[in-house]
Amino acid sequence: TVAAFDTFRFVIKGSLAGAAVYMAYDQGLLGSGTQGAEALRKAQAALPPAIQEWTSYLGWEVRAVQLPATPKFDFSPSDSWNKGVQTVMSALSVAPTRACEYTVEGWKYMKDLVK
C-alpha cells in the first residue's frame, strides 16, 4: 500500500508539473521575449477582474476590505533577456584573455614562493 501511495503521489505531482508547463507554453511564456511581454500585459489586465470575481464569490465586500491596488510593472522581458545574453557573450569573449592573464599571474606567484 505504501508503494501504491508513493506511485499515486508521483503521478499527481507529475500531472501538476506537466499542466504548469503546458499552461506556461500556452500563454506564451516559453516563447520569445515579445510573447512573454504580451503574456505579462494580459496577466496585468486580467488580475483586477479576477480579484473582484473571487471576492464576490467568497462573499467579501470589496469596499470594506479595501484590497490594495495591483502593482504596475515597468519591466521588459525582452530587454532583460537581451542584456543577459550580451553580458554572457561579453564574458565568454574575454575568457581566453583573462585565463591567460590569471595563468601568468599564478606562475609569477608560484615562482616568488619558490625563491
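See above for the structure.
Residues numbered from 1 in each chain as written. Predicted model: local features only at pLDDT ≥ 70, side-chain atom pairs only at ≥ 80, totals over all residues. Heavy atoms only, no water.

### Thoughts on the overall build of the chain
- Each helix and strand in the chain was counted, giving four helices and zero strands.
- Its helices and strands in sequence order give the chain the pattern α-α-α-α, from N to C terminus.
- Counting across all 115 residues of the chain, residues that qualify as buried make up 5%.
- Surface exposure of the chain reaches about 10100 Å², of which carbon and sulfur atoms provide 66%. (Helix = DSSP H or I, 4+ residues; strand = E, 2+ residues; numbered from the N terminus. Buried < 20%, exposed > 50% of the residue type's maximum accessible area, 1.4 Å probe, protein only. Areas by Shrake-Rupley, 256 points an atom, 1.4 Å probe, with all protein chains shown as cover.)

### A word on the pattern of salt bridges
- This model, assessed by the stated rule, comprises one salt bridge.
- Between E101 and R98 there is a salt bridge, and its shortest N-O distance comes to 3.6 Å. One end of the pair is E101 and the other is R98, both in helix α4 (residues 77-114) and three residues apart, which spans about a single turn.
- Classification of E101 as partly exposed rests on a relative accessible area of 36%.
- You can call R98 partly exposed: its relative accessible area is 43%. (Salt bridge = Lys/Arg side-chain N within 4 Å of Asp/Glu carboxyl O.)

### Re the environment of A37
- Within the element layout of this structure, A37 appears in helix α2 (residues 33-58).
- Classification of A37 as buried rests on a relative accessible area of 13%.
- Sequence spacing of A37 and D79 is 42 residues, and the spatial spacing of their C-alpha atoms is 10.0 Å.

### Topic: a nonpolar patch on the surface
- A cluster of nonpolar residues, V21, Y22, M23, Y25, L29 and L30, forms a patch on the protein surface that exposes about 690 Å² of accessible area.
- Relative to the helices and strands, V21 is located in helix α1 (residues 2-26). (Patch = residues over 30% accessible without salt bridge, like charges linked within 9 Å, V, L, I, M, F, W, Y side chains within 5 Å.)

### Topic: α2
- Compared with an ideal rise of 1.5 Å per residue, which puts 26 residues at 38 Å, α2 spans 36 Å between its outermost C-alpha atoms and is within 8% of the ideal.
- Of all the bends in α2, the greatest, near 30 degrees, is centred on L47, and the proline P48 appears no more than four residues after it.
- Among the residues making up α2, those that are buried are G36, A37, A39 and T55.
- Phi for G59, located one or two positions after α2, is positive at around 85 degrees. (Expected span 1.5 Å × (residues − 1). Bend = angle between axes of the 7 residues up to and from the residue.)

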